[in-house]
Amino acid sequence: MAKKIDPAEMRAAVRESEDPQAPRSTIARAVRLSARTVEQLAPGHSVEVRVPPFVAVQCIEGPRHTRGTPPNVVEMSPEVWLRLAAGRSTWEEELAAGRLSVSGTRAGELAHWLPLI
């Protein structure tokens, strides 16, 4: 079982990543902690969230995926993920701007779990 993410630690990491001069390691930590928080809040395997190059997690209850490309995938850049996690942008804004790659009928359910802060 993965280590439980401390919400205060996750919030602090996301806030640190908002500095325009934040180093890559700070961004990576914020992305990983926030994505793993979603994984804990919405356990399951029906939607895969990809934030390359830092993390990919599966979340949201539903059919389990085991081989090949999952049917429900959400992919975005670390910057977009952190904006969504921090509530500095909305799912609808990022989707309309073409900054989210969303496939599958259940992928949009991720929006219910954002923002985290």
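Residues numbered from 1 in each chain as written. Predicted model: local features only at pLDDT ≥ 70, side-chain atom pairs only at ≥ 80, totals over all residues. Heavy atoms only, no water.

**Digging into the overall build of the protein chain**
Test applied: Helix numbers and strand numbers start at the N terminus; a helix is a DSSP run of H or I with at least 4 residues, a strand a run of E with at least 2. Note that the radius of gyration is over C-alpha atoms, with the globule rule given as 2.2 Å times the number of residues to the power 0.38. Note on exposure labels: buried denotes an accessible area under 20% of the residue type's maximum, exposed denotes more than 50%, and partly exposed covers the range between, all computed with a 1.4 Å probe on protein chains only. Between two residues, a contact is recorded if the distance between any of their heavy atoms is within 4.5 Å. All tallies of charge rest on Lys and Arg as positive and Asp and Glu as negative; His and the ends of each chain are not included. Working definition for charges: the position is that of NZ of Lys, CZ of Arg, CG of Asp or CD of Glu.
A count of helical and extended segments in the protein chain gives four helices and four strands. Over its C-alpha atoms the protein chain spans a radius of gyration of 13 Å, differing by no more than 12% from the 13 Å that the globule rule assigns to 117 residues. Along the longest, intermediate and shortest principal axes, the C-alpha atoms of the protein chain span 40 × 35 × 25 Å. Across the 117 residues that make up the protein chain, the buried fraction comes to 43%. A fraction of 55% describes how many contacts in the protein chain between residues 6 or more apart in sequence connect residues 24 or more apart. Measuring between centres, the 15 positive side-chain charges of the protein chain sit 5 Å from its 14 negative side-chain charges.

**A few points about the nonpolar core**
Rules: In plain words, nonpolar cores are sets of buried Ala, Val, Leu, Ile, Met, Phe, Trp, Tyr and Cys residues tied together by side-chain atoms within 4.5 Å.
Within the largest apolar cluster, 35 residues are counted, with the highest numbers of intra-cluster contacts made by Val31, Val49, Cys59, Met76, Trp81, Leu110 and Leu114. When contributions to this core are tallied by element, the ones reaching two or more residues are helix H1 (7–17), helix H2 (24–41), strand S1 (47–51), strand S2 (55–59) and helix H3 (78–86). Setting aside its immediate chain neighbours within four residues, Met76 contacts Arg50, Val51, Pro52, Trp81, Leu84, Arg99, Leu100 and Leu110.

**Overview of the pairing of S2**
Worth spelling out the cut-off: Strand pairing is assigned whenever DSSP detects at least two bridges linking the two strands.
Only one face of S2 is buried: it carries Val55, Val57 and Cys59, and the other face, with Ala56 and Gln58, is open. The sheet contact formed by S1 and S2 spans five bridges and is antiparallel. Paired with Val49 across the two strands is Val57, which belongs to S2.

**Section: H3**
In terms of residue burial, H3 counts as a mostly covered element, since seven of its nine residues are buried. Taken together, the buried positions of H3 are occupied by Pro78, Val80, Trp81, Leu82, Leu84, Ala85 and Ala86. The first or second residue beyond H3 is Gly87, which carries a positive phi of 80°.

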